[in-house]
Amino acid sequence: MNEPVIRPAASADVATILRFVRDLAAFEREPDAVEATEAMLAEALFGAAPAAEAVIVEDDSGPLGFALFFHNFSTWTGRRGLYLEDLYVTPEARGTGVGAALLRHLAALAVERDCGRFEWSVLDWNADAIAFYRQMGAVGLDEWTVQPVSGDALARMARR
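To keep things clear, this report deals only with the structure shown in the data block. (Residues numbered from 1 in each chain as written. Predicted model: local features only at pLDDT ≥ 70, side-chain atom pairs only at ≥ 80, totals over all residues. Heavy atoms only, no water.)

## Points about the pairing of strand E4 (residues 79-89)
With respect to burial, E4 is a largely interior element, 8 of its 11 residues being buried. Sheet topology places strand E3 (residues 62-74) next to E4; 10 bridges connect them, and they run antiparallel. Across the sheet, Gly65 pairs through a bridge with Val89, a residue of E4. Connecting E3 to the next strand, E4, in antiparallel fashion are 4 residues, including Gly78 with a positive phi near 70°. Taken together, the 3 bridges between E4 and strand E5 (residues 118-120) define a ladder with parallel strand orientation. (Buried < 20%, exposed > 50% of the residue type's maximum accessible area, 1.4 Å probe, protein only. Helix = DSSP H or I, 4+ residues; strand = E, 2+ residues; numbered from the N terminus. Pairing = 2+ DSSP bridges.)

Okay, here's the thing in structure tokens:
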């Protein structure tokens, strides 16, 4: 088996990305929460105005995982940042350095693009991931909480 390679996702990877998204949702105890379709992901990643980017990590055996990310902006730094939306490594590849390689790849991309920071969220019950992220140099922000608005609540907010 050869060394894993990280490459930009291509439109031919959309089905694999959606499979990984579904696998991640199942791991995160929300197996029925994925609304995305292949067509939606294809438009978001490869359409006229891409909303996000993705990379695939693979070896001779095939895809081992992916990371999906996009740029945000910090008024405090005055620069854009790189936000990691999803990182997924197949169960067979966990513990082999694939996740660390994906994080290092994205960190290098953030530096190359002059981003002020590289950030992501993690579920508070995922102790293994939190420990891994701390080992990689991430610092948790206990004072901050995510405030999502979606679905019917988003529609109601928009009408007010």
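Having seen the model, we can carry on.
## As for the side chain of Asp13
Locating Asp13 in the fold gives a position in the loop between strand E1 (5-8) and helix H1 (14-27). Polar contacts involving the side chain of Asp13 include one to the side chain of Arg7, which spans 2.7 Å. A distance of 2.7 Å separates a polar side-chain atom of Asp13 from the backbone nitrogen of Ala10. Ignoring any residue separated from it by four or fewer positions in sequence, one finds Asp13 in contact with Arg7, Pro8 and Ile56. (Polar contact = N/O pair within 3.5 Å; in protein donor to acceptor, adjacent residues only side chain to side chain. Contact = heavy atoms within 4.5 Å.)

## With respect to the pattern of salt bridges
On inspection of all chains with the given rule, the structure shows 5 salt bridges. Note that Arg7 and Asp13 form a salt bridge whose closest N and O atoms lie 2.7 Å from each other. Glu119 is the partner of Arg117 in a salt bridge, and the nearest nitrogen-oxygen pair spans 3.4 Å. You can call Arg117 partly exposed: its relative accessible area is 39%. Looking at Glu119, the relative accessible area reads 25%, which means it is partly exposed. (Salt bridge = Lys/Arg side-chain N within 4 Å of Asp/Glu carboxyl O.)

## Observations concerning the nonpolar core
Ranked by internal contacts, the top residues of the largest apolar core, which has 20 residues, are Leu82, Leu84, Val98, Leu102, Leu106 and Phe118. Top element by residues in this core is helix H3 (residues 98-112). It accounts for 6 residues. The residues touching Val98, leaving out its near neighbours within four places in the chain, are Pro4, Val57, Leu64, Val89 and Ala93. Counting 15 residues, the second-largest nonpolar core is a separate cluster that includes Leu18, Phe20, Leu45 and Phe66. (Core = buried A, V, L, I, M, F, W, Y, C linked by side-chain atoms within 4.5 Å.)

## Thoughts on unusual backbone geometry
Positive phi outside glycine occurs at Arg29, with the angle close to 70°. Looking at the secondary structure, you find Arg29 in the loop between H1 and helix H2 (38-46). Even without glycine at this site, Asp114 takes up a positive phi of about 60°. Inspection of the secondary structure assignment puts Asp114 in the loop between H3 and E5. Its relative accessible area of 48% is what places Asp114 among the partly exposed residues.

## Considerations on the packing of H3 against helix H4 (residues 127-136)
Interaxial distance between H3 and H4 falls to 11 Å at its minimum, and their mutual angle equals 50°. The orientation of H3 relative to H4 falls into the category oblique. Along this stretch, H3 crosses H4, giving a crossing that reads as right-handed. Along its contact with H3, which presents Gly99, Ala100, Leu103 and Arg104, the element H4 presents Phe132, Tyr133 and Met136. Residues that form the contact of H3 with H4 fall into these classes: 5 nonpolar, 1 polar and 1 charged. (Axes fitted to C-alpha atoms, helices over the stretch in contact; angles between N-to-C directions. Parallel < 35°, antiparallel > 145°, perpendicular 65-115°, else oblique. Left-handed = near helix turned anticlockwise from the far one by under 90°. Nonpolar A, V, L, I, M, F, W, Y, C, P; charged D, E, K, R; others polar.)

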